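In case you want the letters, here they are:
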Protein chains: 2
Amino acid sequence: MKPTIYDVAEAAEVSIATVSKVINGTGRISEKTRKHVLQVMEDLKYKPSMVASALTGKSTYTIGLTLPDLANPFFAEIARAVEDRGHEYGFNLFICSTDNDPEREIKYFSLLMQKRVDGIIIASRTQKDQYVKGLIQQQIPIAMIAREMPTLAVDTVMVDDFLGGYQAGSHLLELGHRRIAILAEDMNEMSTRERIRGCRQAMLNAQVEPDEALIAVGGFTVDSGKEAAGRLLEAEDRPTAVFACNDVLAIGANQAARRCGLRVPRDLSIIGFDNTVLATIMDPPLTTIAQPIQEIGRQVVDLLVQEIKGEKALKQRVLLMPQLVERSSCGPCR
Amino acid sequence: MKPTIYDVAEAAEVSIATVSKVINGTGRISEKTRKHVLQVMEDLKYKPSMVASALTGKSTYTIGLTLPDLANPFFAEIARAVEDRGHEYGFNLFICSTDNDPEREIKYFSLLMQKRVDGIIIASRTQKDQYVKGLIQQQIPIAMIAREMPTLAVDTVMVDDFLGGYQAGSHLLELGHRRIAILAEDMNEMSTRERIRGCRQAMLNAQVEPDEALIAVGGFTVDSGKEAAGRLLEAEDRPTAVFACNDVLAIGANQAARRCGLRVPRDLSIIGFDNTVLATIMDPPLTTIAQPIQEIGRQVVDLLVQEIKGEKALKQRVLLMPQLVERSSCGPCR
DNA sequence: CTGAAAGCGCTAACAC
DNA sequence: GTGTTAGCGCTTTCAG
């Protein structure tokens, strides 16, 4: 059996209270017995059980992260950032891929509650406010990484999608492009709509009239982007640039361009969104609007931890700025 | 406060023992009280605390997964596969990215032990057998996803690297290639060496003499692959095909080829290893040796769960076969 | 069929 | 400084 605090106490010839005190550094104990107890703990390879201490009211030092799919590079990078920041605070991370399936999400929420996690970070998308509301009522600290403005008062970190779209549009405009196509991800999502709105705003400001026909809807796969972009590029009076709402779609667009015999960026400029590892892998390297993934992870954990420690009365939303990262997929319009 | 079993018992006017029984489906209770208790539980939104039940000797239904880096697509896909299979058994997953840092790994191991996980899956690489041995002595169920044959008796699932290298080499040979270069990942790793050995065996079988000068060492980044491949391609008497020991390196090789004005697969064939999402994203899509990621996750979890349930006395190693996935990056030698 | 009671390993008053 | 003791929320005999 694993050694318990009793075993340590017995071997060290002290009471369990004393052992507990040296473990937690609470109370007052002589340096002598402290060292002695420490020594015995080591000899016995004793590791205090966090499940027992959690039961006595202390926290579990565990947080849950729900996201659509860990195998998606964007979310994997988010998860890594959350893991690292959590680790700094001594928290372990439960990973919960929901596949945007509400049932799976609910099941995970329920499990996380039963395991008494100290808090939950929600980066999954299907969040029907309803369930989240339920969690909040159960007093569990929550923070969200959002693409939509939730209708709930929850600590949230989000990226300014409108600005991102604006930056993308402006960059293309500055390069002289006028016929700018947009590859949308999911028109039902606020973030997609905001990015598009931002891009169009930039066009409007530059006196260029957005063309409805230049919007195509892709999805989350390279192929969907390739196909959608293909339609755009085969049309007469084709665009000279395309703004893809995520890097995956941008890669699809790049493939479509190549299939059409168009060279990037000579014949077609492509700009993406997210700045995942995929952007560096594309050929040519993808110019894209970067989401500050590290910072998102950092801030969302900070918000949650403050919430957990009860250091914060008010909820807040942090709006992070996206940033243009120039690589080689955009060039002047010819 | 969260409702406890006492609250439920009180509201249902039964004893906590009865409530416990209906929760676990143990003992014998009349259908009538069972339904009643269930109803009360629902009304109170009561969720049994797994930390309390874990303390009474039941398991935590939690497993830990240590890996080098969650942001690496290969490991993210592994993690997802492990998560899914674990989920089927009712297990939650703690993610532990070690960055191949022994200190970080040890710290994570220690935390996992304190949290009383039911088992640990080790996919990280720095495993000095020493620490793993320590874990084994502490009776914790362990399963490994290995690239090397560990010197310990541990349940392990591994992929036949030699065969994979052989398949890659054979494929290239069948296409008529004779000057085949190899982009290695890390010569210190057995897996890299085995893949290379496999490839050379194929060459030997085909009566072609491997050329030492045609081996270059890259690493884990696209750029390192690009650079290493660049050296190979710029040499006179350049290779007509390259076998990259992982998909990332293959992408680097592809970029190098393009920079040298070589068209893939017309002027140069490239074959990778892993079959991560990157393979589909490359342009042209990468022909590669697939690691059966889903199957790896499935089997390693199955081994661990059997171990946890004590259904298995003997340790075992499962050797999975890699598989050639043909896409468009390889063509006949001209 | 149901309940009383003894732990599980640890923390936190409160004594001494 | 150190020890005693009463829980934390749940499971599990063992009576009734």
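Residues numbered from 1 in each chain as written. Chains lettered and ligands numbered in written order. Predicted model: local features only at pLDDT ≥ 70, side-chain atom pairs only at ≥ 80, totals over all residues. Heavy atoms only, no water.

Topic: the domain arrangement of chain A
Residues and elements named next belong to chain A.
Then, in step 1: Taken as a whole, chain A is organised into domain 1 (5–55), domain 2 (62–154 + 298–319) and domain 3 (161–291).
Then, in step 2: Computed over C-alpha atoms, the centres of domain 2 and domain 3 are 30 Å apart.
Then, in step 3: Each side of the interface is counted separately: domain 2 has six residues, and domain 3 has 12 residues.
Then, in step 4: Note on domain 2 versus domain 3: buried area summed over both sides is about 810 Å², and carbon and sulfur give 48% of it.
Then, in step 5: Interface area lost by domain 2 to domain 3 is led by F74, R147 and E148, which between them contribute 62%.
Then, in step 6: Joining domain 2 to domain 3, the criterion identifies one salt bridge.
Then, in step 7: For the salt bridge of R125 with E189, the shortest nitrogen-to-oxygen distance reads 3.0 Å.
Then, in step 8: Residues of the side of domain 2 that touches domain 3, tallied by class, amount to two nonpolar, no polar and four charged. (Domains from an automatic or database assignment. Contact = heavy atoms within 4.5 Å. Buried area = accessible area lost by both parts, 1.4 Å probe. Salt bridge = Lys/Arg side-chain N within 4 Å of Asp/Glu carboxyl O. Nonpolar A, V, L, I, M, F, W, Y, C, P; charged D, E, K, R; others polar.)

Brief notes about helix α7 (residues 129–137) of chain B
All names here are of chain B.
Then, in step 1: Every buried residue belonging to α7 is among V132, G134 and L135, and all of these are buried. Seen along its axis, α7 keeps its buried residues to an arc of 150°; they face one direction. Opposite the packed face of α7, turned more than 90 degrees from it, sit the exposed residues Q130 and Q137.
Then, in step 2: The secondary structure elements touched by the buried residues of α7 are α6 (102–114), β3 (119–122) and β4 (142–146). (Buried < 20%, exposed > 50% of the residue type's maximum accessible area, 1.4 Å probe, protein only. Helix = DSSP H or I, 4+ residues; strand = E, 2+ residues; numbered from the N terminus. Arc of directions from axis to C-beta.)

A word on the pairing of strand β3 (residues 119–122) of chain A
Residues and elements named next belong to chain A.
Then, in step 1: Along β3, one buried face is formed by G119 and I121 and the opposite face, lined by I120 and I122, is buried too.
Then, in step 2: As defined by bridge partners, strand β1 (residues 62–67) adjoins β3 across four bridges and the pair is classed as parallel. In the sheet register, I63 faces β3, and the bridge partner there is G119.
Then, in step 3: Note that β3 and strand β4 (residues 142–146) share three bridges and pair parallel. Within the sheet, the bridge partner assigned to I121 lies in β4 and is A143. (Pairing = 2+ DSSP bridges.)

Some details on the relation of the copies chain B and chain A
In this arrangement, two copies of a chain are superimposed by a rotation about an axis accompanied by a shift along the axis.
Then, in step 1: After a rotation of 180° and a shift along the axis of 0.0 Å, chain B superposes on chain A with an RMSD of 0.1 Å. Such values leave the two copies arranged in the relation of a two-fold axis. Considering only C-alpha atoms, the part of chain B nearest the rotation axis is F94 of chain B, at 2.4 Å.
Then, in step 2: Taken as a fraction of all interface residues of chain B, those also at the interface in chain A reach 100%, which identifies the copy contact as same-surface. (Least-squares fit on C-alpha atoms with pLDDT ≥ 70 in both.)

Topic: the sheet that holds strand β9 (residues 269–274) of chain A
Residue and element names in this part refer to chain A.
Then, in step 1: In space, the six strands of this open sheet follow the order β7-β6-β8-β9-β10-β12, with mixed pairing throughout. Looking along the sheet, the strands with just one partner apiece sit at the ends: β7 (215–217) and β12 (323–325). On average, adjacent strands in this sheet sit at an angle of 20° to one another, irrespective of strand direction.
Then, in step 2: In the packing of helix α9 (residues 190–205) onto the sheet, the strands contacted are β6 (180–184), β7, β8 (241–244) and β9, and the crossing angle to β6 comes to about 170°. (Axes fitted to C-alpha atoms, helices over the stretch in contact; angles between N-to-C directions.)

A word on the UniProt feature "domain: HTH lacI-type" (unreviewed entry) in chain A
Then, in step 1: On the UniProt side, "domain: HTH lacI-type" (unreviewed entry) is annotated at positions that read residues 3–57 of chain A here.
Then, in step 2: The distance separating the terminal C-alpha atoms of residues 3–57 of chain A is 22 Å; by composition the span is 65% helix and 0% strand. (UniProt positions renumbered as here; feature names shortened; annotations may be inferred.)

Observations concerning the protein's contact with DNA strand C
Then, in step 1: Near DNA strand C you find 25 residues, and of these I5 and Y46 of chain A together with T18, K21 and I29 of chain B are the closest.
Then, in step 2: Expressed as a percentage, the sugar and phosphate content of the atoms of DNA strand C within 4 Å of the protein is 67%.
Then, in step 3: Side-chain polar atom of Y6 of chain A to a base nitrogen of DNA strand C: 3.2 Å apart, as the coordinates give it.
Then, in step 4: Here S30 of chain B contributes a backbone N or O atom positioned 2.9 Å from a phosphate oxygen of DNA strand C.
Then, in step 5: Elements represented by at least two residues in the surface near DNA strand C include exactly α1 (5–12), α2 (16–24) and α4 (50–55) of chain A together with α2 (16–24) of chain B.
Then, in step 6: The element best represented in the surface near DNA strand C is α2 of chain A, accounting for four residues. (Near = heavy atom within 4 Å. Polar contact = N/O pair within 3.5 Å; in protein donor to acceptor, adjacent residues only side chain to side chain.)

A few points about the pairing of strand β1 (residues 62–67) of chain B
All names here are of chain B.
Then, in step 1: Counted residue by residue, β1 has six buried out of six residues, so it is predominantly covered.
Then, in step 2: Burial along β1 is two-sided: the face carrying T62, G64 and T66 and the face carrying I63, L65 and L67 are both buried.
Then, in step 3: Bridge count for β1 against strand β2 (residues 92–97) is six bridges, and the pairing is parallel. Bridge pairing in β2 links I63 to L93.
Then, in step 4: A crossover links β1 with its parallel partner β2, the connecting element being helix α5 (residues 73–88), and its sense is right-handed. (Right-handed = clockwise from strand over helix to strand, strands pointing away.)

A look at the packing of helix α6 (residues 102–114) of chain A against α5 of chain B
Then, in step 1: In the contact formed by α6 of chain A and α5 of chain B, the axes pass within 13 Å of each other and the chain directions differ by 75°. It follows that α6 of chain A is roughly perpendicular to α5 of chain B by the angle criterion. In this structure, α6 of chain A contributes R104, K107, Y108 and L111 of chain A to the contact, and α5 of chain B contributes R80, E83, D84 and H87 of chain B. (Parallel < 35°, antiparallel > 145°, perpendicular 65-115°, else oblique.)

Comments concerning the interface of chain B and chain A
Then, in step 1: In this complex, chain B contributes 51 residues to the contact, which on the side of chain A involves 51 residues.
Then, in step 2: With both sides pooled, the region where chain B packs onto chain A buries about 5100 Å², and carbon together with sulfur makes up 56% of that total.
Then, in step 3: The tally of links from chain B across to chain A stands at 10 salt bridges.
Then, in step 4: Residue R80 of chain B pairs with D69 of chain A through a salt bridge whose shortest N-O separation is 2.8 Å.
Then, in step 5: At the boundary of chain B with chain A, the tally comes to 32 residue pairs in polar contact (both at pLDDT 80 or more).
Then, in step 6: Elements that contribute at least two residues to the side of chain B that touches chain A include exactly α4 (50–55), α5, β2, α6, α11 (247–259) and α12 (277–281) of chain B.
Then, in step 7: Of the residues in the side of chain B that touches chain A, the class split is 24 nonpolar, 12 polar and 15 charged.

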